[in-house]
Every structure is written in structure tokens, then in C-alpha cells.
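# A structural walkthrough
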Amino acid sequence: MTRHGLHRITRFRSGPRRKAIAIGVVGGSVVAGIVATMMPLLASDDLSIRAAADTTATAVSQDGDNAAKTTLATCATRCDGNPRGGREAVIEFAVTTVPAAAVNIRATLRVHAWQQFAATVTAHASPLSARESRPPLTSAGAALDSVTSVSKGLNEWDVSKLVTGNGSWTVSLAQSGLESRIYWASAENRNPDLRPSLLISYDLGAKPSPVTTTRPAPPPSPSASPTTAAPKPSPTIAPTRTATPSASGTLPSGKCGSVSDKLVPSCGAWWGMYSPAGAAGGWDHGKAVTDVESQVGRKFDIVHRYHDFSNSGSNGAFPDTYESQQMREGRLMFFAWESRDFSAGTTLKWSDVYGGKQDETIDAVAGRIRAAGVPVFIGFDHEPEDEPNKGSDADFVRAWRYVHERFASAGATNAVWVWTMMGWSGHYSRYAGLYPGDRYVDWVAYDPYNFHVCNGSTVWKSPSTTVGGFYRWLDDNGIGAGKPRMLAEFGTNFDSSDPGAKQRWFQEFPAALKAHPKIKAAIYFNSAGMTSRTSTCDMTMNHDASAVAGFAQAGKDSYLRQPTGGSR
């Protein structure tokens, strides 16, 4: 998290190629959509299409008369003792503003339930009319996606197989595994946040040619600085994680469950955490992670740690004992390596790095990474645009390439290189000059935040708005074209005027990732960072029970449940 958090509330420049559309329905009439990239600071509702019509298909009059009802219902064929009591929720959407040149169209159906249920609910392409009064149940159309348990709050289905562009699209929800009714919010519900919605995103045409890396710039500032030495590293690791490599570091295609040699999952995204250790906990970097895992009910795929150039203790001699254990337990490590000494409070120059003064440290770290024996993420000096004391942008690029080459010479080919920027629009003109080149970068990462009032803003940014600005800019400018993307840090404040806002933000986050499918990993920065905890500001994920519940729900989404790695 940069010390200049105010940068994060600046509007991103509009991008002509990456689009998300919104269509609203008021009293059954469709209102024309707006293009999200014209104004990125939109409420989350503005990123979704409202239902044009909905009803419950059933032979039971109680739920299916298609009058103005605030609920829809689903139930198995035998329902509440009635052998013919089956119900399906039928929802129609009118899509009108997808351009003819749109490609890679992605559509996510979102429907709200008030309780949690142990039931499977499958979205189907529906032959039924959502405008009919109590349409009879009929054979379901093609299955699109299923949820295997119903969550309290928003539930999501990928309906991209059905929604391929403009048109009228009708989906039915069919229930199995539970012979009692589940009620869902309808388009007539008084709370617009609960109404069924369809999130659509797409790309336009072909990508532009990559921008030539010619310009220089300044350095990054670390988000977190561990301050004491801890255990010595344990270089020999016998990992249990298995990956099925595909041959390249670009976005893989194929069966879910495969992972490329550059740690790119074939579908979905990795779910990660930075959870700092402290003196009160004895600087136990293992427990700092497992305590959060216990809170959210799952193991993280990626553990993010910040290290320095001291080459000693847990700050600099990495992988350390904790990280070695985490790798043995199947987690992926992401080492953010800073050219500074945390304990001494000193900062290196990038010219010191490429000038050979740090060769002993670089080679020692490369040797330990090689000895780890498994692929690991590593990034040299994240957010380099935010620390000019280290040198120019050209100095950063030269230092990055120098470190990369020494790793290659040392045989540390299991290092997966992550180039991490702030992603602030004020630095857009510099990013081409900060990019080391495709040969030296495996993943492109950035650090988006919904700071809200933590840095003086009154704007509450939805997850899609939070992650979308730099994502579109990368698309528009071709930097790292074809590379997987990562949210190396992300986070959100709470809203003191709306106690449920942070929980909903987390619940909506998987949909934002699905709408930005080049993001293949997301890592929460669970620290106050450069902000201060106040009555209106707390960026930590677990500052209250509702936030934890929302984050836990996000981590259960199938998109973030990789069949390999920590979430197994």
C-alpha cells in the first residue's frame, strides 16, 4: 500500500477498449445502459443489468401468480410434502447495448437469498416466459452453472454460454437436494440492491501492439516493513502441492485444474493473503496466516511476504522456516523483495544493485529460491513509481533485468517474476518506461484499493470499479499483453454510515474478478498500511464479524476454489 493513498481516489482515465455495460429496469421498462469506463467511480448497481421480468414457474398458486411479488421461489419436485410442488425462478433480461465488435463476452447472474441452505441450484437456459402468469414447469433447457450450497446474500452463476450479445435472455433456477422452498429477491423487491441482476463485460476487437519500453521513471515504496529478524530459512523443501504444467506463462486454456509452469491456473483465480506478524505474537509469520485462515474457513492459495536486502533473519534470508512450512503444506509463496534494509531503515540505490554492490545478496537469495524446488512468485521493488530516491525509471528497469539475469545464471528458473505497480492514473505516462520487457516479466500486478474516507474521499467504489481502471489501461496500451494479471494487494475500508457495506463489497468481489478474467490471482493486504485506524477508517479484512463473513463467503466461490494449491 503506497504512502500516497490519495492517489488511489483519483479518477482513472477513460479507456475506449475495455467496457462494462449497465441496463436498468424501472416498472418493467428497460432503460438504456451506460458505459462504465466513461466514469469509473460508479456505484456497484450501475455495473449490473436489472431483470426485465421475472416469475415463479409452478402449479402451486401461492408462489406463481406473477403479480407484483417481492420474492421468487425454487423447490424440488417434491416440495414441503407436495409431490407436485416443484418451483423454478424464471428471470428475463433485455440486453441492448453490446457493440457488434464485442468479443469475450462474460455474463454473471446474481440473485439474492435471505438464508443459507444445503441445496444445489442450477441455472438453465429457459424456454419459459418470465412474463406469463404462473407458467407451467417444463423440461429445463441447457444447464449453465450450479451452486452446490446457497449462501445468505448474493449467489452467482456464470451464464456466459447463454448470453452471447444483445437480445432477450431468460434463465431459470432449478433446485435439488432440498425438499423445501428457497425464496429469492425478485425485481419488485423494495431494496434495489437485492433485485436479480446480470453483470456483463466484454473486450472490443484485437489488442493494440505492445508499447515500446523506452521511458524512465522513479521507484516504489513497500507496503509493509517487517522489523525484526526471525527464524533462519530452511532451504530444503519437500512440497506436497502438485501442478500440471502447461508450456507457457501466458494465459492457459484447457481443463480446470491445470497450472502452467508460470503458476497460471487454467480457470478461476488464486486467493491470497498478506497477514503481518508482530511482536505481540512473537513474530510468528506462520500463525499470522493460519489465524486468518481459521477465521475465514479455508487455506489460502498464496501467502504474500515482504523481504529486504539484508540477507539475514526472516527479513532477508528467505524462504524462512515459516515459508518453507507453508510451501510444504501446499501454499504458493509470493516474495516481495525490497532494495532496502528494514531493521536499519536504509534504502539502496538501484545503481547499487545493477552496479554489482549487492551481488552476494542476490546470489544467496537466488540459491535459496533454487533450492526451494517449487515455483515461487517473486517481485523486485513493488510500486517503483512511488519512491524517487532510489533512482530513475530507467535505473529501475536496469536493476530489475540485472537481478533477473543473476537468478537465471544461478539456475533459479523456478522464480516467477511479478511486476507490481500502483496502477494510479497519475503515473500512466510512466508505466511504459518502468516495464522491463516481456522477457523479464511473467505476471503483471497492481494494487487497487477502495479507501473511501481513509484518504479524505467520500466516494465508495464497488469492487469492479476498484479493479477496473488500470486493468482497462493495460488493455488499451498493450503493456504485458498476454500476461496473466494479479492484484498483488487489494483492500477496502468500511462505511460508517452503512454497516453492511464492507460485507457486501466482499460478497461482490468474485463477480468483479469474473468480469476481469485476466486477473488470475488476488491477494488481500490485511494491514492498515499507510492509513490509520479510526472510527471511519479500517482497511483490515477482519475488523468486525460482518466483514469476516463477507470475506469468507467470497473465498468459498468456486472461481476461487482451485483444485490445486491451498484451497483444495
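Residues numbered from 1 in each chain as written. Predicted model: local features only at pLDDT ≥ 70, side-chain atom pairs only at ≥ 80, totals over all residues. Heavy atoms only, no water.

### Comments concerning the packing of aromatic side chains
Which entries qualify depends on this criterion: A pair of Phe, Tyr and Trp rings is counted when the ring centres sit within 6.5 Å of each other, with Trp represented by its six-membered ring. The angle between the planes then sorts it: under 30 degrees is stacked, over 60 is edge-to-face, the rest tilted. Put simply, DSSP marks the helices as runs of H or I at least four residues long and the strands as runs of E at least two long, and each gets a number from the N terminus on. Accessible area is worked out with a 1.4 Å probe on protein chains only. A residue is then buried under 20% of its type maximum, exposed over 50%, and partly exposed in between.
One pass over the full model with this rule turns up 40 aromatic pairs. Between the aromatic rings of Y428 and F470, the centroid separation amounts to 6.2 Å while the plane-to-plane angle is 25°, which identifies the pairing as stacked. Placement of Y428 in the loop between strand 20 (415–421) and helix 7 (431–434) and of F470 in helix 8 (residues 463–477) is noted, with a sequence separation of 42 residues between them. Each member of the pair, Y428 as well as F470, is classed as buried. Aromatic pair F490 and W505: ring centres 6.4 Å apart, planes at 20°, arrangement stacked. Of this pair, F490 sits in strand 23 (residues 485–492) while W505 sits in helix 9 (residues 501–514); the two residues are 15 residues apart in sequence, bridging distant segments of the chain. You can call W505 buried: its relative accessible area is 1%. Every member of this aromatic cluster is reached through a ring pair, and the members are F309, F318, F335, W337, W350, F380, F396, W400, F407 and W417.

### A closer look at unusual backbone geometry
Of note, the amide linkage connecting F318 to P319 takes the cis form, showing an omega dihedral of 0°. By secondary structure assignment, the location of P319 is in the loop between helix 2 (313–316) and helix 3 (321–328). Even without glycine at this site, D80 takes up a positive phi of about 50°. Relative to the assigned elements, D80 resides in the loop between strand 5 (71–74) and strand 6 (87–95). A positive phi angle is found at D381, which is not glycine, with a value near 50°. Classification of D381 as buried rests on a relative accessible area of 0%.

### Quick look at the pairing of strand 4 (residues 53–58)
Remark: a regular strand shows side chains that alternate across the two faces of the sheet. Let me state the cut-off plainly: What makes two strands pair is DSSP finding at least two bridges between them.
The buried count for strand 4 comes to 6 of 6 residues, which makes it a mostly enclosed element. Inspection of the sheet shows strand 4 paired to strand 6 by 6 bridges, in the antiparallel sense. Paired with D54 across the bridge in strand 6 is I91.

### Description of the sheet that holds strand 11 (residues 167–176)
Either a parallel or an antiparallel arrangement is found when strands of a sheet pair, and the pairing is made through backbone hydrogen bonds. The criterion, for reference: Angular values range over 0 to 180 degrees, each being the angle between N-to-C directions of two axes fitted as lines to C-alpha atoms, with helices fitted over their stretch in contact.
Spatially, 5 strands are ordered 4-6-11-8-9 in an open sheet, and the strand pairing comes out antiparallel. In the strand order of this sheet, the two ends are held by strand 4 and strand 9 (143–147), each with one partner. Neighbour-to-neighbour, the strand axes of this sheet turn through a mean angle of 20°, independent of strand direction. Here strand 8 (residues 120–125) runs beside strand 11; their pairing, made up of 6 bridges, is antiparallel. When the bridges of strand 11 are listed, T122 appears paired with A174.

### Description of the nonpolar core
Rules: The definition of a nonpolar core used throughout is a set of buried Ala, Val, Leu, Ile, Met, Phe, Trp, Tyr and Cys residues joined through side-chain atoms within 4.5 Å. Contact criterion: two residues are considered in contact whenever any of their non-hydrogen atoms come within 4.5 Å of each other.
Counting residues in hydrophobic clusters, the biggest one holds 72 residues, and the most contacted among them are F407, W419 and Y431. A total of 6 residues in this core trace back to one element, the largest contributor, which is helix 6 (residues 393–409). Other than its neighbours up to four places away in sequence, F407 contacts W337, I362, V365, A366, I369, I378, A412, A415 and W417.

### Quick look at the environment of K502
Our working rule: Residues adjacent in sequence count toward polar contacts only when both atoms are side-chain atoms; beyond that, a polar contact is any pair of N or O atoms within 3.5 Å, and within protein one must be able to donate a hydrogen and the other to accept it.
With respect to the helices and strands, the residue K502 is situated in helix 9. When the C-alpha atoms of K502 and A549 are compared, they prove to be 9.9 Å apart, with 47 residues separating the residues in sequence. Contacts of K502, omitting those with residues within four sequence positions, involve W460, T492, N493, F494, Y524, D538, M539, T540, H543 and A547. Among the polar contacts listed, one links the side chain of K502 to the backbone oxygen of T540, at a separation of 2.5 Å.

### Brief notes about helix 6
Rules: One less than the residue count of a helix, multiplied by 1.5 Å, gives the span that helix is expected to have.
Along its 17 residues, helix 6 runs 25 Å from first to last C-alpha, staying within 8% of the 24 Å computed at 1.5 Å per residue. Every buried residue of helix 6 is accounted for by D393, D395, F396, V397, A399, W400, V403, H404 and F407. Packed against the buried residues of helix 6 are strand 16 (332–337), helix 4 (350–354), helix 5 (359–372), strand 19 (376–380), strand 20 and helix 7. Looking at the residues trailing helix 6, positive phi occurs at G411, about 80°.

### Describing the confidence of the model for the protein
Here is the rule we go by: Looking at any residue, its pLDDT shows the predictor's confidence there, from 0 to 100.
For the protein, mean pLDDT is 82; residues scoring 70 or higher make up 80% of the total. Contacts of residues 206–249 to residues separated by more than four positions or lying in other chains number 174 contacts, the stretch itself having pLDDT below 50.

### Overview of the pattern of salt bridges
Which entries qualify depends on this criterion: Salt bridges are identified by distance alone: a Lys or Arg side-chain nitrogen within 4 Å of an Asp or Glu carboxyl oxygen.
The full count for this structure, using the stated rule, is 24 salt bridges. The partner of D352 in a salt bridge is K357, and the shortest N-O contact between them spans 3.6 Å. Judged by relative accessible area, D352 falls into the buried class, the value being 17%. On the basis of relative accessibility, which here comes to 65%, the residue K357 falls in the exposed class. Close ionic contact of D498 with R504 constitutes a salt bridge, the shortest N to O distance being 2.5 Å. What emerges from the salt-bridge pattern is a single network uniting R110, E156, K514 and D557.

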